[in-house]
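# Working through the structure, step by step
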Amino acid sequence: MESYKIALIPGDGTGPEMLREGVKVLQAAAKKFAFDLTFEEFDYGGERYLKSGEVLPAGAVEELRKYHAIYLGAVGHPEVKPGILEKGILLRLRFELDQYINLRPVKLYPGVETPLKDKGPDEIDFVVVRENSEGLYTGSGGFMRKGTPHEVAIQESINTRFGVERCLRYAFEYCREHKRKTLTLCGKTNVLTFAFDLWERAFHEVGEEYPDVQREYAHVDAISMWMVKNPEQFDVIVTDNMFGDIITDLGAILQGGMGIAAGGNINPQGTSMFEPIGGSAPKYTGKNMINPLAAICAGGMLLEHLGEKEAATAVEKAVMTVCSEHIQSLSAGKMGAGTSEVGDLVVDNL
Ligand code: IPM
Ligand code: MN
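Residues numbered from 1 in each chain as written. Chains lettered and ligands numbered in written order. Predicted model: local features only at pLDDT ≥ 70, side-chain atom pairs only at ≥ 80, totals over all residues. Heavy atoms only, no water.

### What to know about the sheet that holds strand E9 (residues 214–219)
Sheet architecture is open: 10 strands sit in the order E2-E1-E3-E12-E11-E4-E5-E10-E8-E9, paired in mixed fashion. The open sheet has two edge strands, strand E2 (36–41) and E9, and neither has a second partner. Strand-to-strand twist of the sheet, defined as the mean angle between neighbouring strand axes without regard to direction, takes the value 25 degrees. The pairing of strand E11 (residues 262–266) with strand E12 (residues 272–276) spans four bridges and is antiparallel. Bridging across to E12, Gly 263 finds its partner in Glu 275. Helix H8 (residues 241–254) contacts strand E4 (101–107), strand E5 (125–131), strand E8 (182–187) and strand E10 (236–239) of the sheet and is inclined by roughly 155 degrees relative to E5. (Pairing = 2+ DSSP bridges. Helix = DSSP H or I, 4+ residues; strand = E, 2+ residues; numbered from the N terminus. Axes fitted to C-alpha atoms, helices over the stretch in contact; angles between N-to-C directions. Contact = heavy atoms within 4.5 Å.)

Okay, structure coming up:
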């Protein structure tokens, strides 16, 4: 029997209660599909930071590297200044574990409401492959004359041929493996004439090796419009870190919002981390009101990543059934069921 070790980082706010339901579903899937999961919990997050002043203890990254995958709830605490936990936990893990892909499916499930008029599950079904290790997120830059009228703030976008190429290759391979016909590069070649020149050249050069994948290009501003007007034109979108961050929040709302949107931070050769992409929603903490489906969907992605494809498909199907037959809305407090009941419903429908 295959056996996997999973590191759990429940994190802050509603992170723990969402992850609890995710673990419940993963355990049920493991039982049903005959593999073994063991979980180890890590208390990284706002509470620990407030008590100890430490965001990630020494050796944490090396410890996490030993696991087959990391399952994360949410980081973000109302008493901690924005940026500390995000940079100190989430971004640090993405960078140090070299999770260079952020994979975010945008799929509207039957029965889920989308704000788009006249669009349904047939139209909203694409995937964003976001570069997750470079761009504006490297922290390159700095201040000069800080706090003076002549202050300068520089924040540089770093794009290496190596980093861009491995991301593009992942996206082309993803298209092939998942039988997606078109890969759209989302950039800004009309203004960011260095960064996206590199991206565009690499896109077509690498793309030559994938004659079965059709290549399209669109500027990020236009894509934001097309995602709303004609989401059906997209199969897989590949883009840099910052644009990927922005368009995946737009994508999340198209698929029903943060109650359902999940993502994976992937290092195909290392330890990957799966998370619901919404925040820690502190105001709902401990109320059994938050929707756990995004965390459950992230768990499904984790299973697919482990190679447990049948189990992953079953989790997705169960989530679809729960969405169309059992709950009234994806919004916290309006589901017609509590957090733990929604987890139970997914288990019952596995
Ligand atoms: C996301 C989040 C993070 C990001 C924040 C919390 C640092 O918005 O996962 O999309 O910008 O990548
Ligand atoms: Mn984001």
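### Considerations on helix H11 (residues 339–348)
Thr 339, Val 342, Gly 343, Leu 345 and Val 346 are the residues of H11 that are buried. Seen from one end, H11 has its buried residues packed into an arc of 155 degrees, which puts them on one side. Elements in contact with the buried residues of H11: helix H1 (15–33), helix H9 (293–306) and helix H10 (309–326). (Buried < 20%, exposed > 50% of the residue type's maximum accessible area, 1.4 Å probe, protein only. Arc of directions from axis to C-beta.)

### Remarks on the pattern of salt bridges
One pass over the full model with this rule turns up 22 salt bridges. Lys 24 is paired through a salt bridge with Glu 21; the nearest N and O atoms lie 2.6 Å apart. One end of the pair is Lys 24 and the other is Glu 21, both in helix H1 and three residues apart, which spans about a single turn. In this structure Glu 21 comes out as buried when scored by relative accessible area, which is 3%. (Salt bridge = Lys/Arg side-chain N within 4 Å of Asp/Glu carboxyl O.)

### Focus on the nonpolar core
Membership of the largest hydrophobic core comes to 89 residues, with the highest contact counts inside it found for Tyr 71, Val 238, Leu 293 and Val 319. Broken down by element, the residue count for this core peaks at nine residues, all from H9. Here this core gathers at least three residues from each of two domains, domain 1 (1–100 + 258–350) and domain 2 (115–254). Look past the residues within four positions of Val 319 in its chain and what remains in contact with it is Tyr 109, Ile 260, Leu 293, Ile 296, Cys 297 and Val 346. Core analysis: the next-biggest nonpolar cluster, separate from the first, contains 20 residues, Ala 60, Val 61, Leu 90 and Leu 93 among them. (Core = buried A, V, L, I, M, F, W, Y, C linked by side-chain atoms within 4.5 Å. Domains from an automatic or database assignment.)

### Notes on the environment of Asp 249
Position of Asp 249 among the secondary structure elements: in helix H8. We classify Asp 249 as partly exposed; its relative accessible area is 40%. Sequence separation of Asp 249 and Ile 277 is 28 residues, and the distance between their C-alpha atoms is 8.5 Å.

### A look at the layout of surface pockets
Each pocket or cavity is described by its volume, and for the largest pocket that value is around 860 Å³. Mapped onto the lining of the largest pocket, the elements with two or more residues apiece are E4, E5, helix H5 (161–177), E11, H9 and H10. Of the residues contributing to the lining of the largest pocket, the split by class is 16 nonpolar, five polar and eight charged. Summarising the domain contributions, the lining of the largest pocket has at least three residues from each of domain 1 (1–100 + 258–350) and domain 2 (115–254). Estimates place the volume of the second largest pocket at around 380 Å³. Lining of the second largest pocket is provided by 19 residues; of these, Leu 90, Arg 94, Arg 104, Ile 277 and Gly 278 occupy positions nearest its centre. Counting residues per element, the ones that place at least two in the lining of the second largest pocket are strand E3 (69–74), helix H4 (84–96), H8 and E12. (1 Å grid on protein atoms, 1.4 Å probe; cavity = no way out; pocket = protein on both sides within 12 Å on 5 of 7 lines; lining within 4 Å. Points joined across faces, edges and corners; volume = space filled by probe spheres on them. Nonpolar A, V, L, I, M, F, W, Y, C, P; charged D, E, K, R; others polar.)

### Looking at the site of ligand 1
Neighbouring residues of ligand 1: Glu 86, Leu 90, Arg 94, Arg 104, Arg 130, Tyr 137 and Asp 245. Residue Arg 130 places a side-chain N or O atom 2.8 Å away from an oxygen atom belonging to ligand 1. At a separation of 2.6 Å, an oxygen atom of ligand 1 approaches a polar side-chain atom of Tyr 137. For ligand 1, whose free accessible area comes to 320 Å², the fraction covered by protein is 75%. According to the grid-proximity analysis, the pocket containing ligand 1 is the second largest pocket. For the shell around ligand 1, the element with the highest residue contribution is H4, accounting for three residues. A class-by-class count of the residues in the shell around ligand 1 yields two nonpolar, no polar and five charged. (Near = heavy atom within 4 Å. Polar contact = N/O pair within 3.5 Å; in protein donor to acceptor, adjacent residues only side chain to side chain. Areas by Shrake-Rupley, 256 points an atom, 1.4 Å probe, with all protein chains shown as cover. Sits in = over half its atoms within 2 Å of the grid points.)

### Here's the deal with H10
The end-to-end C-alpha distance of H10 is 25 Å, a good match for the 26 Å that 18 residues give at a rise of 1.5 Å each. The set of residues buried in H10 consists of Ala 311, Ala 312, Ala 314, Val 315, Ala 318, Val 319, Val 322 and Cys 323. At its buried positions, H10 is contacted by H1, H9 and H11. (Expected span 1.5 Å × (residues − 1).)

### A look at the environment of Asp 348
Secondary-structure assignment places Asp 348 in helix H11. Sequence separation of Asp 348 and Lys 334 is 14 residues, and the distance between their C-alpha atoms is 21 Å.

### Some remarks on the domain arrangement of the protein
When cut into domains, the protein gives domain 1 (1–100 + 258–350) and domain 2 (115–254). Placing the centre of domain 1 and that of domain 2 at their C-alpha centroids yields a distance of 25 Å. With 14 residues of domain 1 in contact, the opposing surface of domain 2 contributes 15 residues. Buried surface at the junction of domain 1 and domain 2, both sides included, amounts to about 1,100 Å², of which 54% is carbon and sulfur. Counting across the interface, domain 1 meets domain 2 through one salt bridge. A salt bridge links Arg 166 to Asp 98; the shortest N-O distance between them is 2.9 Å. In this assembly, domain 1 and domain 2 are joined by five residue pairs in polar contact (both at pLDDT 80 or more). Counting only elements with at least two residues in the side of domain 1 that touches domain 2, the list comes to H4 and E11. Here the element with the most residues in the side of domain 1 that touches domain 2 is H4; it accounts for three residues. In terms of residue class, the side of domain 1 that touches domain 2 is built from eight nonpolar, two polar and four charged. (Buried area = accessible area lost by both parts, 1.4 Å probe.)

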